[in-house]
Amino acid sequence: MTKRRNNSKRSRFSILFPILTIIGIGVITAIVTNYEPNWTYNWNGIRKEIKDSLQVAESRGITSGIGGMGISTKNEVDRRRWIMKNATESELLKLTEYPNGIVKGIAYEGLLRKKEFPNKTELTLKAIRDTTYQIDYQSGCLGWNMDIGEYLVQNVLLIDDEIPPPERLPNFGLTEIEKEKILTEFRKVQVKKE
């Protein structure tokens, strides 16, 4: 009698083992193929309200304020401005290491807009060299990807000499020498891309 029970247990195990193996391989494959680096980001030091706003912004991209068909994207612009205004300097510095171009772009821009932040030139140079992640940018009916440095030079600082400057340039406290240093590095990175 006991031999039959042992054989019965072995046969159940011999059937169950391959099934569990296949399911396990399937789960591991699903996780590996869908893995996002931001899953493991350490949010310590980032307040919940900043984190929540960034997670919404991350899925929406960065916009000029006008969406397709002339629809206003004011909410996205207001969210981005709120994050930049309310996040502390240390939060923004930490977010420049977040594995997503949109969040990084907001963090870099927020630091540039803080009048008291001292190292704007070095920060911008770091952003220009930061080409791992891109920003999803939308203006009107058009949307495209751009490097973080490209976004900062062309859409925030407005110092790219290949684009006509607006009537009034924003004042980020950069000297002409600092602007030229930023543009030189920007051009080097752009040439490497091509």
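Described in the following lines is the structure provided in the data block. Only a predicted model underlies this, so the values are computations on that prediction, with no experimental measurement involved.

### A closer look at the overall build of the protein chain
No. 1: Of the regular secondary structure elements, the protein chain holds eight helices and three strands.
No. 2: Ordering the α and β elements of the protein chain from the N terminus gives α-α-β-α-α-α-α-β-β-α-α.
No. 3: The burial tally for the protein chain puts 38% of its 194 residues in the buried class.
No. 4: For the protein chain, the share of sequence-separated contacts (at least 6 apart) that also reach a separation of at least 24 residues comes to 60%.

### A short note on the nonpolar core
No. 1: Membership of the largest hydrophobic core comes to 41 residues, with the highest contact counts inside it found for L54, L95, I106, Y151, L152 and I182.
No. 2: Looking at this core, the elements with two or more residues in it are α2 (48–60), α3 (74–86), α4 (89–95), α5 (101–113), α6 (120–129), β2 (134–139), α7 (148–156) and α8 (176–193).
No. 3: Contact partners of I106, with chain neighbours within four places excluded, come to L54, A57, I62, R80, I83, M84 and L92.

### Regarding the environment of E89
No. 1: Within the element layout of this structure, E89 appears in helix α4.
No. 2: Taking the C-alpha atoms as reference, E89 lies 6.6 Å from L111; in sequence the two are 22 residues apart.
No. 3: The residues touching E89, leaving out its near neighbours within four places in the chain, are L111, K114, E116 and F117.

### Some points on α7
No. 1: Extensive coverage of α7 is indicated by the burial of seven of its nine residues.
No. 2: Listed as buried for α7 are I148, G149, E150, Y151, L152, V153 and V156.
No. 3: Of the residues trailing α7, L158 is marked for its positive phi of about 60°.

### Things to note about the packing of aromatic side chains
No. 1: For the coordinates displayed, the defined rule picks out five aromatic pairs.
No. 2: Relative to Y98, the ring of Y41 has its centre 4.7 Å away and its plane inclined at 75°; by these criteria the two rings are edge-to-face. On the criterion of sequence distance, the pair formed by Y41 in the loop between α1 (2–34) and α2 and Y98 in the loop between α4 and α5 is long-range, its members being 57 residues apart.
No. 3: Its relative accessible area of 14% is what places Y41 among the buried residues.
No. 4: Residue Y98 is classed as buried on the basis of its relative accessible area of 2%.
No. 5: The interplanar angle of 50° and the centroid separation of 5.3 Å between the aromatic rings of W43 and Y98 together place this pair among those described as tilted. Highlighted residues: W43 in the loop between α1 and α2 and Y98 in the loop between α4 and α5, separated in sequence by 55 residues. Just as W43 is buried, Y98 falls in that class too.
No. 6: An aromatic cluster of at least three residues, connected via ring pairs, comprises Y41, W43 and Y98.

### Things to note about a nonpolar patch on the surface
No. 1: A cluster of nonpolar residues, I15, L16, I19, L20, I23 and V27, forms a patch on the protein surface that exposes about 560 Å² of accessible area.
No. 2: Within the fold, I23 resides in helix α1.

### Focus: the pairing of strand β3 (residues 142–147)
No. 1: Examined bridge by bridge, β2 and β3 share six bridges and lie antiparallel to one another. Note that in β3 the partner of Q138 across the bridge is G143.
No. 2: Here β2 hands over to β3 after two residues, with G140 in that stretch at a positive phi of 65°.

Criteria and thresholds
Residues numbered from 1 in each chain as written. Predicted model: local features only at pLDDT ≥ 70, side-chain atom pairs only at ≥ 80, totals over all residues. Heavy atoms only, no water. Helix = DSSP H or I, 4+ residues; strand = E, 2+ residues; numbered from the N terminus. Buried < 20%, exposed > 50% of the residue type's maximum accessible area, 1.4 Å probe, protein only. Contact = heavy atoms within 4.5 Å. Core = buried A, V, L, I, M, F, W, Y, C linked by side-chain atoms within 4.5 Å. Phe/Tyr/Trp six-rings, centres within 6.5 Å; stacked < 30°, edge-to-face > 60°. Patch = residues over 30% accessible without salt bridge, like charges linked within 9 Å, V, L, I, M, F, W, Y side chains within 5 Å. Areas by Shrake-Rupley, 256 points an atom, 1.4 Å probe, with all protein chains shown as cover. Salt bridge = Lys/Arg side-chain N within 4 Å of Asp/Glu carboxyl O. Pairing = 2+ DSSP bridges.

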